Amino acid sequence: MEFNVKKLASDAGVFFSRAMQFTEEKLGQAEKTELDAHFENLLARADCTKNWTEKILRQTEVLLQPNPSARVEEFLYEKLDRKVPSRVTNGELLAQYMTEAANDFGPGTPYGKTLIKVGETQRRLGAAEREFIRSASISFLTPLRNFLEGDWRTISKERRILQNRRLDLDACKARLKKAKAAEAKAALWSDEVEKAEHELRLTQTEFDRQAEVTRLLLEGISSTHVNHLRCLHEFVESQTNYYAQCYQFMLDLQKQLGSSKGEIFSGTFVGNAESASPAAAASPPVAAATLPAVPTIPVVPTIVGVPNTVAEGVLNPNEVKPPASGTRRARVLYDYEAADSTELALLADEMITVYSLPGMDPDWLIGERGNQKGKVPVTYLELLS
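Presented here is a report on the structure given in the accompanying data block. (Residues numbered from 1 in each chain as written. Predicted model: local features only at pLDDT ≥ 70, side-chain atom pairs only at ≥ 80, totals over all residues. Heavy atoms only, no water.)

Bringing the overall build of the chain into the picture now. Broken down by element type, the chain carries 9 helices and 5 strands. Secondary structure of the chain in N-to-C order comes out as α-α-α-α-α-α-α-α-α-β-β-β-β-β. Counting only residues that meet the buried cut, the chain has 29% of its 385 residues in that class. Taking as baseline every contact in the chain between residues at least 6 positions apart, the subset at least 24 positions apart corresponds to 68%. Summed over all atoms, the accessible surface of the chain reaches about 24,900 Å², with 57% contributed by carbon and sulfur. (Helix = DSSP H or I, 4+ residues; strand = E, 2+ residues; numbered from the N terminus. Buried < 20%, exposed > 50% of the residue type's maximum accessible area, 1.4 Å probe, protein only. Contact = heavy atoms within 4.5 Å. Areas by Shrake-Rupley, 256 points an atom, 1.4 Å probe, with all protein chains shown as cover.)

Moving on, we come to helix α3 (residues 68–79). Here α3 spans 17 Å end to end across 12 residues, near enough to the 16 Å set by a 1.5 Å rise per residue. The opening residue of α3, the one whose side-chain oxygen lies 3.0 Å from the backbone nitrogen of Ser69, is Asn67. (Expected span 1.5 Å × (residues − 1). Polar contact = N/O pair within 3.5 Å; in protein donor to acceptor, adjacent residues only side chain to side chain.)

The 5 strands lie next to each other as β4-β3-β2-β1-β5, forming an open sheet whose pairing is antiparallel. Looking at the sheet topology across the chains shown, the edges are occupied by β4 (372–377) and β5 (381–383). With direction set aside, neighbouring strand axes in the sheet form an average angle of 40°. Where strand β3 (residues 364–369) meets β4, 6 bridges bridge the pair, whose relative direction is antiparallel. Directly across from Arg369, in β4, lies its bridge partner Gln372. (Pairing = 2+ DSSP bridges. Axes fitted to C-alpha atoms, helices over the stretch in contact; angles between N-to-C directions.)

All right, on to the pairing of strand β2 (residues 351–355) then. Of all 5 residues making up β2, 4 are buried, and the element is well covered by its neighbours. Sheet topology note: the strand β1 (residues 328–332)/β2 ladder contains 4 bridges and is antiparallel. Counterpart to Arg331 in the pairing with β2 is Met351. The pairing of β2 with β3 spans 3 bridges and is classified as antiparallel. Counted as the bridge partner of Tyr355 is Ile366 from β3.

This brings us to the pattern of salt bridges. Here the idea is simple: oppositely charged side chains can pair when their charged atoms come close. By the definition in use, this model includes 17 salt bridges. Across the pair Arg58 and Glu61 runs a salt bridge, and its minimum N-O distance is 3.8 Å. Taken as a pair, Arg58 and Glu61 lie in helix α2 (residues 37–64) at a separation of 3 residues, close to a single helical turn. Arg130 is the partner of Glu92 in a salt bridge, and the nearest nitrogen-oxygen pair spans 2.5 Å. One end of the pair, Glu92, is in helix α4 (residues 90–105); the other, Arg130, is in helix α5 (residues 110–183), and 38 residues separate them in sequence. According to the relative accessible area criterion, Glu92 is buried, its value standing at 18%. (Salt bridge = Lys/Arg side-chain N within 4 Å of Asp/Glu carboxyl O.)

If you want it as structure tokens, here you go:
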């Protein structure tokens, strides 16, 4: 018990001495031992590495799991050393809903068939997303966490020790300076000077030893960068494979839907900029007449020998002539300000006449209001029967 009390008193004295030295340094009343420029650069580089690693880690976690509640749950499972339960991805959940909807609507109907096809693609997309998250977590997130929870904690601990050693060294220097000043006035202080010099040598040795340990750890940041660079390449490789798979899945789905498009929309007239002949382009769609409920947009046919201004990327509304018949009326839903002279400004609730052109962007139509004419966005319109 006596030993513990003495140690506690000694530790309290050391703490008080360090606090006094630190306070006087902040107030400019005490000298401070400065580290060399190379050491300061190592410290700054280490702090920069730690800060950016934390930001990259957190944002990558958001990228892989946008749901904050799910991230908190995964964090708790990780801290408890328990396996994170398997979670259904959004794509897989959408696939489940589409499949159930197809069964209710009838898997033999055109809508049901399409729902099944799209649902299967969504399931494959969800599975690819799950694999990407797993791969990215192992190859990228885990090394970043290991650095922050392992190497960086060791570096921080040694830096705190170095800071304490420096405070002890500067406190010894201050005591030696005071002892020498007193010695000049009275020879009785010679023992105090010798004691202060002995303490200074000891604290200088401890400071130099700790500085070397800390320097070695800080220089290891270079190897950390090399390791993180390798992990970054692996992350990019995983992301590339994931997006390549998604692209291929969507291409396959597009082909499947394209092959069945003629069957599903057999009664709907679809304008094509590449008409086979003027006669074929001018012939009215017979099937469309039997399905008046299906909205169709009149299309100006392409005439052989006449340049197609839309296909060439230049549209002059004043040169565009509406079809002889079949133009449609549309009600404007929102105000729209024309971006250039080829567009038509719109006011909410007004009525205009609209039609399409071959090769034109499907998100746009030609709108007419009196003598004014120009392109208008489809999303701002309600097409009327």
